[in-house]
Structure formats: structure tokens, C-alpha cells
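Residues per chain, in single letters:
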Amino acid sequence: MALTHGDTNGIGYELIFKTFEDPEMLDICTPVIYGSPKAATYHRKALDLPAQFSIVTNASEVKDGRINLLTTYDEETKIEFGAPTQESGDAAIKALDRAMSDYRDGAFDILVNAPVDNDHIQVEGYPFHGITPYIETCLGEGKKVMPILINDQLRVASVTDCLPLNEVAAMITKENVEERARLLFDTLRRDFRISNPRIAVLALNPVAEGEGKYGKEETEAIIPAITAMEDDHLQAFGPYAAEDLFGKGWYTHFDAILAMYHDQGVAPMRALSDADPIVYNAGLPVISTALDITPDFEEAGKNIVSADTFRQALFLAIDAFRNRNDYEEPLKHPLGKLYHDKREDADRARFSIPKKHAGSPFPPKHSHGIHTFAPKSYGRAPKPEQAAPAKPKEPTAPSKPSAPTATTAPAAQ
């Protein structure tokens, strides 16, 4: 597991050292910190943390059962807790660059990034807008990466990432919505091992309660994208008004939410839970997670930061790595299908879209609109009506006992 140290004036080293205070963490992964021995030593002493690490110069020297610190630069680094500087930004990008190079050489399986300050990172010839777009450029192989934000209650992705609001509507096309929805579906099935994920798709435009009116983007892009997924037997539902999906608790009946823009999904997510979201980068060859936070300069250097969410980001990455391996292993040497697996039919029946039952967040197939009705059965078939109680039978005379049968004596030994 590669861990980049983030902005050296922030909380990166504190998160990493506190995460590995428990020695049992070394039983589930081999950590390799991409950073600076001098910066790490300064943080350890200033924060009075009992962190022990072994310094290595390349990935071939990494050993299991200990914290490895791979030197990405050896210059003196001035540490100024709470003050983002160009020097601290340079330290962050040097660690990230070395990790990108080492991954291409097969040096690690999982990448977890400590937070950086985007405004103080400069890359020649490249406008740096965050770790996720940078990893996409380096490792994405021309494919688009989609951040999925995850906390204890929700998984949220968006069709447009951090675009200005006045540019969002132009990006809501059938192709973009369907591409993101399919990537979300595939990621849930492959990396989260959800066999038949259910995805709720949000509408872009607000609607009046009960009127079911929707706008151009829903008619021309969102609904056709949902229909295309339904035709391929993928469980996509919507488009839902955000106030109903979140306000009425319907989100609890889905495995993930696809919002149209960042704040549409993330604002309710943060309102529903105090936990900082974890960013899971879908669509990459490497398993990659991070925290959806800044370097937290106000709390840096005070030894007051909790590492719980960062530790959860590690656990999420490890689980996803194992899930992906388990999912892909049978596909490497596929066998011909020798029998009909009835469980596949059972799954389809369990998650199929009801066609005749109303009062549910799952609409009849191809009857799209902004859904504002309250859920009742959530896709389950209505209960059969109670049958009338059967009349008691007339008492009958007991039958005559049959004659006992003869038994055979055991044979002599």
C-alpha cells in the first residue's frame, strides 16, 4: 500500500502515523510512505508520536511487518504547521509523482493519498486541479475517472464533478449520464461485490410537489439514459427530485446515488452524517482512495486530529482490492456454462422493476417522471389477501389398530 504524505505543513503525517499506531494494521497491509525522512522525523518529534519507520530508497527494499518510508526527495524542507507554502506543495507533488512512476513498474497494489492544497501545487505544463484529475492523467489510460464519495450512509457520484453551476446544464447529455451510471454500476459490482446494484438518478431541475413536471435535461438526457440501462437489465431508477430522495429517506433503498452536479449530492450527504466522506476513484487500474478534506492547516501540528476516517479509507481500499481480485479471478479462465443457475433468475426477480404496483420509489418500467410519491412496498409484491378460515372437519371414529408385525430374532454370532 502506497501512502503519499500530502502537504508537509498539513496533517498528512499525523494521519498516517496515528493510523499505524496499532501494530495489527501491519498484518493486513505493507505500508510504504512516499515522502521525506526529514519531514517525517520532524512531524514525529513535534507531535510526540511513537512512530517507527524504516527508510528505503526504492520499492525493492520494502519489507513486510513494518512501516516503510520511501525517500522521494532528500532536500531540507522547512516545516511551518498551518501555513501552506510553495515548498510544502512541491513536497506533495514530488511524492505523488514518484508513486505514479512506481505503480507503472508494479511496485504496489493500493494508493491512499493524504490531503494536499491545490493552490500551492505547480506542475509545468499542467494545470493542477486536484489529486483525482492528476492520477487520471497519469494512470487513466485515456479513460475518465469518477470520484465516488462514501460515508457511513451513502455512496454518491455525480455526472459533472466540480464545474461552475452555469456550465452544468450543457454537460447533462444522454451519453454523459449513461457513461457515469454504467461506470458506477460496474464499480459497485466489481469493487464492492454488490451483485445487482440499485442506482437512484437525480433530476437536474426542481419540480413542484405532486405535479411531476420536468425540464429539457430530464426529457432529452436523463430519462433516455435510464431507459437504455433498463433495457440492459441494469437497475437504474429515477429521475428523482433531490428533496424527496433525501428528505423522505428514499436514499436508504439504493446502493448509490448519481447526482447531476457536486453540491446536489454532497451537501445532503454531509448534512445526514458528521463523518468526512472518503473519495473512491472509480475507473482506475489502481485502487485509489483519499479523504474529501483539505490539509486542515488550522489543526496541523497540534496532535488533535482523529485518524478514524483515514483508517476507514485504508480499510475501504483493502476491501476493494480483494473484491476486485475475487471478481476478476474466474474471468481469467472462463469455463463454458454447464447448467442453468437458478440463482440468477432469483436475483432478477428480487430486484426487478414492478410493473403494476404503485406507491413505491421504484416506478413502472418506461413510465418516467419526477417521482414525489411516498414509498410503501419498495418493489416487493403486495401481500396476498387472507384466505377465509377453513371449516373444521367432522370428527370421525378412531380406526382399529393394526396387528403387530413379527420381528426377526437377531442372527447368532
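What counts as what
- Residues numbered from 1 in each chain as written.
- Predicted model: local features only at pLDDT ≥ 70, side-chain atom pairs only at ≥ 80, totals over all residues.
- Heavy atoms only, no water.
- Helix = DSSP H or I, 4+ residues; strand = E, 2+ residues; numbered from the N terminus.
- Buried < 20%, exposed > 50% of the residue type's maximum accessible area, 1.4 Å probe, protein only.
- Contact = heavy atoms within 4.5 Å.
- Axes fitted to C-alpha atoms, helices over the stretch in contact; angles between N-to-C directions.
- Parallel < 35°, antiparallel > 145°, perpendicular 65-115°, else oblique.
- Left-handed = near helix turned anticlockwise from the far one by under 90°.
- Nonpolar A, V, L, I, M, F, W, Y, C, P; charged D, E, K, R; others polar.
- Phe/Tyr/Trp six-rings, centres within 6.5 Å; stacked < 30°, edge-to-face > 60°.
- Salt bridge = Lys/Arg side-chain N within 4 Å of Asp/Glu carboxyl O.
- Polar contact = N/O pair within 3.5 Å; in protein donor to acceptor, adjacent residues only side chain to side chain.
- Patch = residues over 30% accessible without salt bridge, like charges linked within 9 Å, V, L, I, M, F, W, Y side chains within 5 Å.
- Areas by Shrake-Rupley, 256 points an atom, 1.4 Å probe, with all protein chains shown as cover.
- Lys, Arg positive; Asp, Glu negative; His and termini not counted.
- Charge placed at Lys NZ, Arg CZ, Asp CG, Glu CD.
- pLDDT = per-residue confidence, 0-100.
- Pairing = 2+ DSSP bridges.
- Core = buried A, V, L, I, M, F, W, Y, C linked by side-chain atoms within 4.5 Å.

Asker: Give a detailed account of the overall build of the protein chain, specifying residues and quantitative values.
Answerer: Per the secondary structure count, the protein chain includes eleven helices and twelve strands. Relative to its full complement of 413 residues, the protein chain shows a buried share of 47%. Taking all contacts inside the protein chain whose residues are at least 6 apart in sequence as the whole, residues at least 24 apart take part in 72%.

Asker: A description of the packing of helix 1 (residues 12–19) against helix 10 (residues 308–332) should follow, citing residues and the corresponding values.
Answerer: Between helix 1 and helix 10, whose axes approach to 9 Å, the crossing angle comes to 70°. Here helix 1 lies roughly perpendicular to helix 10, going by the angle between them. The hand of the helix 1/helix 10 crossing is right-handed. Contacts between helix 1 and helix 10 involve Leu15, Ile16, Lys18 and Thr19 on the former and, on the latter, Phe310, Arg311 and Leu314. Grouping the amino acids of the contact of helix 1 with helix 10 by side-chain chemistry returns four nonpolar, one polar and two charged.

Asker: Mind laying out the packing of aromatic side chains, listing which residues take part and the relevant values?
Answerer: How two aromatic rings sit relative to each other is given by the distance of their centres and the angle of their planes. By the definition in use, this model includes twelve aromatic pairs. With a centroid separation of 5.3 Å and 65° between ring planes, the pair formed by Phe192 and Tyr280 is classed as edge-to-face. Residue Phe192 is found in the loop between helix 6 (174–190) and strand 8 (198–202), and its partner Tyr280 is found in strand 11 (residues 278–282); the two are separated by 88 residues along the sequence. Side by side, Phe192 and Tyr280 carry an identical accessibility label, which is buried. The interplanar angle of 35° and the centroid separation of 6.2 Å between the aromatic rings of Phe246 and Tyr251 together place this pair among those described as tilted.

Asker: Give me the lowdown on the pattern of salt bridges, citing residues and values where you can.
Answerer: Taken as a whole and judged by the stated rule, the model has 17 salt bridges. Where Arg324 meets Asp191, a salt bridge forms, and the shortest distance between an N and an O atom there is 2.8 Å. Separated by 133 residues along the polypeptide, Arg324 in helix 10 and Asp191 in the loop between helix 6 and strand 8 bring together distant segments of the chain. For Arg324, a relative accessible area of 6% corresponds to the buried category. Looking at Asp191, the relative accessible area reads 3%, which means it is buried. Linked through salt bridges whose partners overlap, the residues forming this network are Lys174, Glu178, Arg182 and Asp232.

Asker: Go over the packing of helix 1 against helix 2 (residues 37–47) with me, naming the residues and quoting the values.
Answerer: Contact pair helix 1 / helix 2: the axes reach a minimum separation of 10 Å and the direction vectors enclose 75°. The pairing of helix 1 with helix 2 is recorded here as roughly perpendicular in orientation. When helix 1 is examined against helix 2, the residues Tyr13, Glu14 and Phe17 are found in contact with a partner set consisting of Ala39, Ala40, His43, Arg44 and Leu47. When the residues that make up the contact of helix 1 with helix 2 are grouped by side-chain class, the tally is five nonpolar, one polar and two charged.

Asker: Outline the environment of Asp263, supporting the account with residue identities and numerical values.
Answerer: One can find Asp263 in helix 9 (residues 262–272). Here the alpha-carbon distance between Asp263 and Asp161, two residues 102 residues apart in the chain, equals 9.2 Å. Among the polar contacts made by the side chain of Asp263, one reaches the side chain of His262 at a distance of 2.9 Å.

Asker: Give a description of a negative patch on the surface that names residues and reports values.
Answerer: The grouping of Glu21, Asp22, Glu24 and Asp27 at the surface amounts to a negative patch. Here Asp27 shows up in the loop between helix 1 and strand 2 (32–35).

Asker: Requested: an account of the confidence of the model for the protein chain, with residues and values cited.
Answerer: The share of residues in the protein chain with pLDDT of 70 or more is 79%, and the mean pLDDT across the chain is 85. Below a pLDDT of 50 lies the segment residues 372–413, which in the model reaches 31 contacts outside its immediate sequence neighbourhood of four places, other chains included.

Asker: An account of unusual backbone geometry is needed here, citing residue identities and associated values.
Answerer: Gly238 connects to Pro239 through a cis peptide bond whose omega is 0°. Residue placement: Pro239 occurs in strand 9 (residues 235–240). Unlike most non-glycine residues, Asp48 shows phi in positive territory, near 55°. As for its position among the elements, Asp48 is in the loop between helix 2 and strand 3 (54–56). Take Asp48: its relative accessible area is 66%, and that puts it in the exposed class. Even without glycine at this site, His233 takes up a positive phi of about 65°.

Asker: Give me the lowdown on the sheet that holds strand 2, citing residues and values where you can.
Answerer: Spatial ordering of the open sheet is given by 3-4-2-1-5-12-11-6-7-10-8-9, a layout of twelve strands whose pairing is mixed. This sheet does not close on itself; its edge strands, each paired only once, are strand 3 and strand 9. When strand polarity is set aside, the average angle formed by the axes of neighbouring strands in this sheet is 25°. Along the sheet face, helix 4 (residues 131–139) touches strand 5 (110–113), strand 6 (146–150), strand 11 and strand 12 (287–291) and points at about 150° away from the line of strand 5. Its contacts with the sheet place helix 7 (residues 216–231) against strand 8 and strand 9, and it is angled at close to 160° to strand 9.

Asker: Run through the nonpolar core, naming residues and quoting values.
Answerer: As a rule of thumb, soluble globular proteins bury nonpolar side chains together. Core analysis: the biggest nonpolar cluster contains 66 residues, and Ile172 and Leu184 have the highest contact counts within it. Take this core: its biggest share by element is seven residues, from helix 10. Not counting chain neighbours up to four residues away, the residues in contact with Leu184 comprise Met146, Ile148, Ala157, Ile199, Ala256, Ile257 and Leu258. Ala2, Phe108, Leu111 and Ile121 belong to the second largest nonpolar core, which has 25 residues in total.

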